[in-house]
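# Observations on chain architecture
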Amino acid sequence: MSSKDAPPPLPEPLLVPVADSHTHLDMQSGTVEEALTKAAAVGVTTVVQVGCDIKGSLWAAETAAAHDNVHAAVALHPNEAPRIVLGDPDGWSRQGAREAGGDAALDEALAEIDRLAALPQVRAVGETGLDYFRTGPDGMAAQERSFRAHIEIAKRHGKALVIHDREAHADVLRILDEEGAPERTVFHCYSGDADMARICAAKGYYMSFAGNVTFKNAQPLRDALAVAPVELVLVETDAPFLTPAPYRGRPNAPYLVPVTVRAMATVRGIGEDEMSAAIAANTAAAFDY
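As a convention, each chain's residues are numbered from 1 in the sequence order in which they are written. Local features in a predicted model are, by the rule used here, given only for residues with pLDDT of at least 70; side-chain atom pairs are given and counted only at 80 or more, and totals for whole chains, interfaces and linings are based on all residues. Water and hydrogen atoms play no part in the side-chain values, which are based on all heavy atoms of the structure.

Helix and strand labels come from DSSP, where a helix needs a run of H or I of at least four residues and a strand needs a run of E of at least two; each type is numbered from the N terminus. A tally of regular secondary structure across the protein gives ten helices and eight strands. Taken against the 2.2 N^0.38 rule, which gives 19 Å for 289 residues, the C-alpha radius of gyration of the protein at 18 Å falls within 12% of a compact globule. Across its three principal directions, the C-alpha atoms of the protein cover 50 × 45 × 35 Å. Here's how the labels work: a residue is buried when its accessible area is under 20% of the maximum for its type, exposed when over 50%, partly exposed in between, all with a 1.4 Å probe on protein chains only. Among the 289 residues that make up the protein, the fraction classed as buried is 54%. Excluding contacts between residues fewer than 6 apart, the proportion of contacts in the protein whose partners are at least 24 apart in sequence is 71%. A 1.4 Å probe and the Shrake-Rupley method give the accessible areas. Residues count as covered only by the protein chains that appear here. Roughly 11,700 Å² of accessible area belongs to the protein as shown, and the carbon and sulfur atoms make up 55% of that amount. Each radius of gyration reported is based on C-alpha atoms, and the globular scaling rule is 2.2 Å times the count of residues to the power 0.38. Contacts are assigned to residue pairs that have any heavy atoms within 4.5 Å of one another.

Let us now look at the environment of Ala141. Here Ala141 shows up in helix 5 (residues 140-157). Look at Ala141 and you get exposed, because its relative accessible area is 59%. Note: C-alpha distance between Ala141 and Val85 (56 residues apart in sequence) is 9.9 Å.

Nine residue types can take part in a nonpolar core, namely buried Ala, Val, Leu, Ile, Met, Phe, Trp, Tyr and Cys, and a core is a set of them joined through side-chain atoms within 4.5 Å. Formed by 81 residues in total, the largest nonpolar core has its most connected members in Phe147, Leu176, Phe187, Tyr190, Met264 and Phe287. Counting residues per element, this core draws most heavily on helix 4 (residues 102-117), at six residues.

With that settled, the discussion passes to the side chain of Ser276. Residue placement: Ser276 occurs in helix 10 (residues 272-287). Classification of Ser276 as buried rests on a relative accessible area of 1%. Discounting chain neighbours no more than four positions away, the residues touching Ser276 are Leu14, Val16, Pro17, Val18 and Val261.

Here the axes come from fitting lines to C-alpha atoms, over the contacting stretch only for helices, and the angles between their N-to-C directions go from 0 to 180 degrees. Running from N to C, helix 6 (residues 169-179) and helix 7 (residues 194-203) point in directions that differ by 15 degrees, and their axes come no closer than 12 Å. Between helix 6 and helix 7, the interaxial angle falls into the category roughly parallel. Where helix 6 crosses over helix 7, the two elements pack in a sense that is left-handed. Contacts between helix 6 and helix 7 involve His169, Leu173 and Asp177 from the first element and Met196, Ile199, Cys200 and Lys203 from the second. Residue composition of the contact of helix 6 with helix 7, by class: four nonpolar, one polar and two charged. Oblique is the label for any angle not covered by the other classes, which are roughly parallel (under 35 degrees), roughly antiparallel (over 145) and roughly perpendicular (65 to 115). Crossing chirality is assigned from the near helix's rotation relative to the far helix, an anticlockwise turn below a right angle marking it left-handed and a clockwise turn marking it right-handed. The classification used treats Ala, Val, Leu, Ile, Met, Phe, Trp, Tyr, Cys and Pro as nonpolar, Asp, Glu, Lys and Arg as charged, and all other residues, Gly among them, as polar.

Our focus in this paragraph is the pairing of strand 1 (residues 18-23). With respect to burial, strand 1 is a largely interior element, six of its six residues being buried. Following DSSP output, two strands are said to pair if at least two bridges run between them. Taken together, the four bridges between strand 1 and strand 2 (residues 44-50) define a ladder with parallel strand orientation. Bridge pairing in strand 2 places Thr23 opposite Gln49. When the strands point away from the viewer, a crossover counts as right-handed if the path from the first strand over the helix to the second runs clockwise. Each parallel crossover has a hand, and for strand 1 linked through helix 1 (residues 32-41) to strand 2 it is right-handed.

Two aromatic rings, drawn from Phe, Tyr or Trp (for Trp, its six-membered ring), form a pair once their centres lie within 6.5 Å of each other, and the interplanar angle then sorts them: stacked below 30 degrees, edge-to-face above 60, tilted otherwise. Following the criterion strictly, the structure yields two aromatic pairs and no others. Seen from their ring centres, Phe187 and Tyr205 are 5.7 Å apart, and the 35 degrees between their planes marks the pair as tilted. Linking Phe187 in strand 6 (residues 185-187) with Tyr205 in the loop between helix 7 and strand 7 (206-209), this pair joins segments that are 18 residues apart in sequence. Tyr205 gets classed as buried once you look at its relative accessible area, which sits at 5%. Here the aromatic rings of Tyr190 and Phe209 are separated by 5.5 Å at their centres, their planes lie at 50 degrees, and the arrangement is tilted. Of this pair, Tyr190 sits in the loop between strand 6 and helix 7 while Phe209 sits in strand 7, placing them 19 residues apart in sequence. Consider the ring centre and the ring normal. A charge sits over the ring if Lys NZ or Arg CZ is within 6 Å of that centre and within 35 degrees of that normal. Sitting over the face of the ring of Phe133, Arg166 holds its NZ or CZ atom 3.6 Å from the ring centroid.

The subject of this paragraph is unusual backbone geometry. A cis amide bond links Ala239 with the next residue in sequence, Pro240, at an omega value of 15 degrees. Tracing the chain through its elements places Pro240 in the loop between strand 8 (233-235) and helix 9 (257-268). Cis rather than trans, the peptide bond between Ala245 and Pro246 has omega equal to 10 degrees. With respect to the helices and strands, Pro246 occurs in the loop between strand 8 and helix 9. In this model, Asp238 sits at a positive phi of 55 degrees, which is unusual for a non-glycine residue.

Next up on the list: the packing of helix 4 against helix 5. Describing two packed helices takes the angle between their axes plus the distance from one axis to the other. Packing of helix 4 against helix 5 leaves a shortest axis separation of 10 Å and a crossing angle of 25 degrees. On the basis of the axis angle, helix 4 is roughly parallel to helix 5. Between helix 4 and helix 5 the crossing geometry is right-handed. Listed contacts from helix 5 to Asp103, Leu106, Asp107, Leu110, Ile113, Asp114 and Ala117 of helix 4 are Ala142, Arg145, Ser146, Ala149, His150, Ile153, Arg156 and His157. By residue class, the composition of the contact of helix 4 with helix 5 is seven nonpolar, three polar and five charged.

Our focus in this paragraph is the sheet that holds strand 6. The strand order across the open sheet built from eight strands is 1-2-3-4-5-6-7-8, with neighbouring strands paired in parallel fashion. Looking along the sheet, the strands with just one partner apiece sit at the ends: strand 1 and strand 8. Between one strand axis and the next, the sheet turns through 30 degrees on average, direction left out of account. Across the face of the sheet, helix 9 comes into contact with strand 1, strand 2, strand 7 and strand 8 while running at roughly 150 degrees to strand 8.

No statement about biological role is implied by the geometric values presented.
This is the structure:
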């Protein structure tokens, strides 16, 4: 195994335990038990396992049912909705090539998300939202229809809404206004600037920061973190993606949360224990556990 593929070392444990508010254990190597044990050893005692499609959402719900310290979020990822409606001839997602299913197939998939959202171990509906990076104009209608449906499902079941917003800030905020955001709304892997952070703060939206807040070129993210109210800030890995510096490019996992928490504490000018305590309380409030 080259050093590039090697898992980074365990960081120093946090003294105040925190939660990883967004992870994909089903895309990481090793067992769930191994991932949770490694995370707990460094003070990451709770994880939110996020589904991106029907299969992943079922897995998230099953995994959360089997582990007290795992909570599930279920959804069709913004890039999944167009694939269901228009087909996925190149099999870019993990499901191989797919035929176009049209609106009926999307309705069927949304009905399954609705069913899963009712389960007690499912604490959130997400990740849903808009992604203009990977989906072209032809897929936008399906994406928006799916997003609006997820907002409705979250509100009807009293669950948090977890948002994926990639290069679509204005439209995401507009649709949340039009539909009426759920009481608890989380911008996962927050990617806006300080101005957007002020808008989110005014609306009471949680902002979850991932390992990319540590990247050299991420000053706008650090500026956003600096102005976000401390009671609306969460931390996440989005593992296996977005591994924090200095391990960028290597596999990410929940046990690396302390690296990001320490970077966040530095940006905020507070101690890591204070940062951890805020994050722990905020995540429990956001996901109602």
